[in-house]
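Letter by letter, the chains look like this.
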Amino acid sequence: MPRRVYIETLGCQMNVLDSELLAAALQEAGFELAGARRAADVVLFNTCSVRQHAEDKVYSALGRLKHLKDQRPGTIIGVLGCMAQKDCERIFRRAPHVDLVVGPGQISRVPELIERAAGGGGPHVALSADRSSGSRAEVAASFARADFAAPPSRPAAPQAMVRAMFGCDNFCTYCVVPSVRGPEQCRPAREIVAEVRRLAAGGCLEVTLLGQAVNQYADTSEGTTLQLSDLLGRLNEISGLRRIRFVTNHPKSMSDDLLAAVRDLDKVCPYLHVPAQSGSDAVLARMKRGYTAGFYRDMLRRIAETVPGAAATSDFIVGFCGETEADFEQTVDLVRKGRFKNSFIFKYSPRPGTPAAERYADDVPEEVKRRRNNELLAVQNAVSLEANKRFVGRRVEVLVEGPSKTARKRGQTGPLRQLSGRTACDRIVVFDGPTALAGQLVEVMIERAEPVTLFGRLY
Ligand code: 5AD
Ligand code: SF4
């Protein structure tokens, strides 16, 4: 019987969470986790479809695994997540040696499907319904979320992600998420609070609530409508818990009561990820984002006024269909004036089946996309550096995550290493200290700043 499972995760935090929950469920079912593809009887890819590049990576990994499957025909290979939901047939055409294809709304069935695949037959497919195939309720019901009523118990950790919502109904024209993750569904507040209580009792200090547009959270299961601010209020009461984050926010739903909650609730971090995507009204309209650049700037002003010192961060897509040099300059201006802590910048990647791919030509040449990407990143880096420099000479509270990237790359050993952690406003802080500090809150005096990192010493 196959027992050792290797899970490779691509994409967003939602996928990282799905993989964590799956790993816990597999262990509960008696499987072991392997550290590498070659050491496993079952190799699973939890995939992402948000950009073409992420899909290409999976196809090339699947190509390489053909050899492993020829050598060890008993190996079970699975494609899970967004690509599975979107491209089941194409996966089997390009990689006939795949045994399992499981959509993001069916991941809880993976342990059972592995057993079935081991028994022969197959391939085994578990997908949720297509968005146009039935009523909203029927389609929503086909996305069974592993962590709703009874999440598998994850190993104790100082930080944890917790699902607040599944799916998305915003239908931004470039985005594949509403079709692969299905209709927006909110997890009842009661279940979220119970899970966070359990995590905190096990030593968890920081939770991050996840949803594609988490500030649109609305739970009606208790007779009234509970908003994200209400949920944050309940979570703030949980003893032992120290920090609460939530991602990702939609600019059009950044309500005053949510900002007041961030200001007033001591455990809620002053950190707001609110993707703007573009600074041009024409581009925003084609993206169907539901706001103008002026509205977005006004929202940034409300954040700064209500929660002084809050860190706002953004995502931008450059080279979207029809983006002119003048449109791009408006995005540059937004980054310059928006003072984001950081921004994630992506080159537009047309996703077949999305409204943008069907309606508009992908008419910005690749080299222009690349140049705009680099230019915007340089502007953002300058903004980030300036903001980070203000921390030099200040003492900050850091939740230590473990050895820094450099320490890991250099293979540093011994009890004293370069550690890395984050401030409440999500700034990365690097300093030397004993590894035993991992998972603890410490004070660090900042001595030097780079665009994405603060360097300091234990205080
Ligand atoms: N092309 C490029 N970037 C995209 N994103 C979403 N869809 C696409 C696409 N088709 C980006 C958005 C989103 C982030 C998670 O990924 O900026 O906020
Ligand atoms: Fe995609 Fe827009 Fe939903 Fe975000 S809000 S997941 S960009 S459709």
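Since the structure is predicted, the reported quantities are computational estimates derived from the model, not experimental observations.

### What about the side chain of Lys69?
Next up, step 1: Structurally, Lys69 can be placed in helix H2 (residues 52-71).
Next up, step 2: Leave out the neighbours within four places in its chain, and Lys69 touches Thr75, Ile77, His97 and Asp99.

### Some points on the pattern of salt bridges
Next up, step 1: Here the structure, examined in full by the defined rule, presents 45 salt bridges.
Next up, step 2: With a closest N to O distance of 2.6 Å, Arg302 and Asp256 form a salt bridge. Of this pair, Arg302 sits in helix H11 (residues 293-306) while Asp256 is found in helix H9 (residues 256-264), placing the two residues 46 residues apart along the sequence.
Next up, step 3: Since its relative accessible area comes to 19%, Arg302 is described here as buried.
Next up, step 4: A relative accessible area of 53% means that Asp256 is categorised as exposed.
Next up, step 5: Salt-bridge contacts for Glu401 lead to Arg422; the nearest nitrogen and oxygen are separated by 3.6 Å. Of this pair, Glu401 sits in strand E17 (residues 395-403) while Arg422 sits in strand E18 (residues 416-422), and the two are 21 residues apart along the sequence.
Next up, step 6: We classify Glu401 as partly exposed; its relative accessible area is 37%.
Next up, step 7: Taken together, the salt bridges that share partners define one network made up of Glu206, Arg243, Arg245, Lys341, Glu401, Arg422 and Asp426.

### Brief notes about the sheet that holds strand E14 (residues 271-273)
Next up, step 1: Strand order in the open sheet formed by three strands is E14-E15-E16, with parallel pairing between adjacent strands. In the strand order of this sheet, the two ends are held by E14 and strand E16 (343-347), each with one partner. Sheet twist, expressed as the mean angle between neighbouring strand axes with direction ignored, is 10 degrees.
Next up, step 2: As paired elements, E14 and strand E15 (residues 311-318) share three bridges and run parallel to each other. Each bridged residue has a counterpart across the sheet, and for His273 the counterpart in E15 is Thr313.

### Quick word on the sheet that holds strand E13 (residues 243-247)
Next up, step 1: Strand order across the open sheet formed by three strands is E7-E10-E13, with parallel pairing between neighbours. Strand pairing shows two members of the sheet lacking a second neighbour, strand E7 (159-163) and E13, which therefore form its edges. Sheet twist, expressed as the mean angle between neighbouring strand axes with direction ignored, is 25 degrees.
Next up, step 2: With five bridges connecting them, strand E10 (residues 206-210) and E13 associate as parallel partners. By the bridge assignment, Leu209 is partnered in E13 with Phe246.
Next up, step 3: Packed onto the sheet, helix H8 (residues 228-236) meets E10 and E13 and runs at close to 155 degrees relative to E13.

### Side note on the side chain of Arg289
Next up, step 1: The residue Arg289 is located in the loop between helix H10 (281-287) and H11 in this model.
Next up, step 2: Of the side chains with opposite charge, Asp315 comes closest to the buried, unpaired Arg289, at an N-O distance of 7.5 Å.
Next up, step 3: Side chain to side chain, Arg289 and Tyr174 meet in a polar contact 3.4 Å long.
Next up, step 4: At 2.9 Å, the side chain of Arg289 and the backbone oxygen of Pro275 are in polar contact.

### Quick word on the packing of aromatic side chains
Next up, step 1: Considering all chains together, one arrives at seven aromatic pairs under this definition.
Next up, step 2: Ring geometry for Phe320 and Tyr348: centres 4.9 Å apart, planes at 80 degrees, overall edge-to-face. Pair noted here: Phe320 is in the loop between E15 and helix H12 (325-338) and Tyr348 is in the loop between E16 and helix H13 (355-359), with a separation of 28 residues, a long-range link.
Next up, step 3: Ring-pair connections join several aromatic residues into one group, and the members of that group are Tyr174, Phe320, Tyr348 and Tyr360.
Next up, step 4: The side chain of Arg51 reaches across the aromatic face of Phe346, ending 3.7 Å from its centre.

### Section: the site of ligand 1
Next up, step 1: Close to ligand 1 lie Val50, Arg51, Tyr174, Gln277, Asp315, Ile317, Phe346, Lys347, Tyr348, Ser349 and Arg351, which account for all nearby residues.
Next up, step 2: Interatomic distance of 3.0 Å between a side-chain N/O atom of Arg51 and an oxygen atom of ligand 1.
Next up, step 3: Contact distances for ligand 1 include 2.6 Å between an oxygen atom and a side-chain N or O atom of Asp315.
Next up, step 4: Coverage of ligand 1 by the protein chains reaches 85% of its 400 Å² of free accessible surface.
Next up, step 5: Counting residues per element, the ones that place at least two in the shell around ligand 1 are E15 and E16.
Next up, step 6: A breakdown of the residues in the shell around ligand 1 according to their chemical character gives five nonpolar, two polar and four charged.

### A short note on the pairing of strand E4 (residues 76-81)
Next up, step 1: Taken across its six residues, E4 has six buried, putting it largely inside the fold.
Next up, step 2: As paired strands, strand E3 (residues 42-47) and E4 are joined by six bridges and run parallel to one another. For Asn46, the partnering residue across the bridge sits in E4 and is Leu80.
Next up, step 3: Note that the unit made of E3, H2 and E4 has a crossover that is right-handed.
Next up, step 4: Each parallel crossover has a hand, and for E4 linked through helix H3 (residues 82-94) to strand E5 (residues 100-102) it is right-handed.

What counts, and where the lines are drawn
- Residues numbered from 1 in each chain as written.
- Chains lettered and ligands numbered in written order.
- Predicted model: local features only at pLDDT ≥ 70, side-chain atom pairs only at ≥ 80, totals over all residues.
- Heavy atoms only, no water.
- Helix = DSSP H or I, 4+ residues; strand = E, 2+ residues; numbered from the N terminus.
- Contact = heavy atoms within 4.5 Å.
- Salt bridge = Lys/Arg side-chain N within 4 Å of Asp/Glu carboxyl O.
- Buried < 20%, exposed > 50% of the residue type's maximum accessible area, 1.4 Å probe, protein only.
- Pairing = 2+ DSSP bridges.
- Axes fitted to C-alpha atoms, helices over the stretch in contact; angles between N-to-C directions.
- Lys, Arg positive; Asp, Glu negative; His and termini not counted.
- Polar contact = N/O pair within 3.5 Å; in protein donor to acceptor, adjacent residues only side chain to side chain.
- Phe/Tyr/Trp six-rings, centres within 6.5 Å; stacked < 30°, edge-to-face > 60°.
- Lys NZ or Arg CZ within 6 Å of the ring centre and 35° of its normal.
- Near = heavy atom within 4 Å.
- Areas by Shrake-Rupley, 256 points an atom, 1.4 Å probe, with all protein chains shown as cover.
- Nonpolar A, V, L, I, M, F, W, Y, C, P; charged D, E, K, R; others polar.
- Right-handed = clockwise from strand over helix to strand, strands pointing away.

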